[in-house]
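Each chain is listed here by its residues.
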Amino acid sequence: MSHSIERARRDLGRRLREVRRSAGLTGVRLAELLSWSQPKVSKIETGRQSPTAAEITAWARACGRAHTASELIDRLHDLESMWVEWKDQLHGGLGGIQSRMAVEEKHVRLFRVYEPMIVPGLLQTPGYARAVLEAADRKNVVSCDIEGAVEQRMRQQEILYQRDKRFRFVISEAAVRHTRGDRETMAAQIDRLITVSTLSTVSLGIIPFDSSPPYLPLHGFWIHDDDSVVVETVSAELTLTHRSEIDQYAHVFTMASSGARFRGEARQVLRRAAETMDE
């Protein structure tokens, strides 16, 4: 995930270097014109340091290319919007995050969701959601309204019944084998997945342990239509909007899906997981 951020920063630096070179300036000369150190220019051009909007404007003007500042600043804003710190989001509590997600999802028509180790929020039972949110609470070392967040997550699930939307979920068998909460919580969660898999708006695929898809992503992601990809990391939420990245995630989703079991076969995998818990 951080690779995407780094690549975007390098792309911005590369474009700034092109602007400097088109003006016939060396890095040393540009640094002199801006009253910067030469290493600062080098770090920005190689993507090791992100410039501010004011610095981009000064750079473009010094190169006699003031008209390029707007485009370059747009690139900077794209870079900044990709990375949203969880600590900033948590100012509104977990319920605030849930509310924001509900607003964002309102306009999406096709959801493609892959999760290797957790049941997606839209498919969670209250007990499972509570266990997940309590773990997030401990990780973030904050005190949030868990019950309020659980209630909000349950309300979000009403979106599954909207006829103008389609949901394609692909999850690993590990997601239902890894216990969150107690055995009763997991039994209820598996039963919920079996029920949801029969909805006309939902396609649920389970990748069993004995399957070998051509590629199995190590982290979860949500593709919203063909417009964006959302990835949750330990410290942040990453939103990708560049066409090449969206296409890559769509391709990876297709590859992972090829190893999944759907409909009755998916329900068989889920029932086996439930039976194993009783052994």
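See the structure shown above.
All of these numbers come straight from a predicted model, not from anything done at the bench.

It is worth spelling out the nonpolar core at this point. Core analysis: the largest hydrophobic core is formed by 31 residues, its most contacted members being Leu 123, Phe 167, Phe 169, Val 176, Leu 193, Leu 204 and Leu 270. Listing elements by their share of this core, those giving two or more residues are strand E2 (110–115), helix H8 (126–140), strand E3 (166–172), helix H10 (173–177), helix H11 (183–196), strand E4 (202–207) and helix H13 (263–277).

Quick look at the pairing of E3 now. By the criterion of burial, E3 is predominantly enclosed, with five of the seven residues buried. Pairing analysis gives six bridges linking E2 to E3, with the strands arranged parallel. Across the sheet, the residue bridging to Leu 110 is Arg 166, located in E3. Alignment of E3 against E4, held across six bridges, turns out to be parallel. In the sheet register, Ser 172 faces E4, and the bridge partner there is Ile 207.

What follows deals with the packing of aromatic side chains. Given two aromatic rings, their pairing is described by the distance between the two centres and the angle made by the two planes. Summed over all chains, the structure comprises six aromatic pairs. Judged by centre distance (6.1 Å) and plane angle (5°), the ring pair of Phe 167 and Phe 169 falls under stacked. Residue class for Phe 169 comes out buried when judged on its relative accessible area of 0%. In textbook terms, an aromatic cluster arises when at least three aromatic residues are bridged by ring pairs, as seen for Phe 111, Phe 167, Phe 169 and Trp 222. A cation over an aromatic ring shows up here: Lys 40 above the ring of Trp 36, its NZ or CZ 4.2 Å from the ring centre.

Thresholds, definitions, all that
- Residues numbered from 1 in each chain as written.
- Predicted model: local features only at pLDDT ≥ 70, side-chain atom pairs only at ≥ 80, totals over all residues.
- Heavy atoms only, no water.
- Core = buried A, V, L, I, M, F, W, Y, C linked by side-chain atoms within 4.5 Å.
- Buried < 20%, exposed > 50% of the residue type's maximum accessible area, 1.4 Å probe, protein only.
- Helix = DSSP H or I, 4+ residues; strand = E, 2+ residues; numbered from the N terminus.
- Pairing = 2+ DSSP bridges.
- Phe/Tyr/Trp six-rings, centres within 6.5 Å; stacked < 30°, edge-to-face > 60°.
- Lys NZ or Arg CZ within 6 Å of the ring centre and 35° of its normal.

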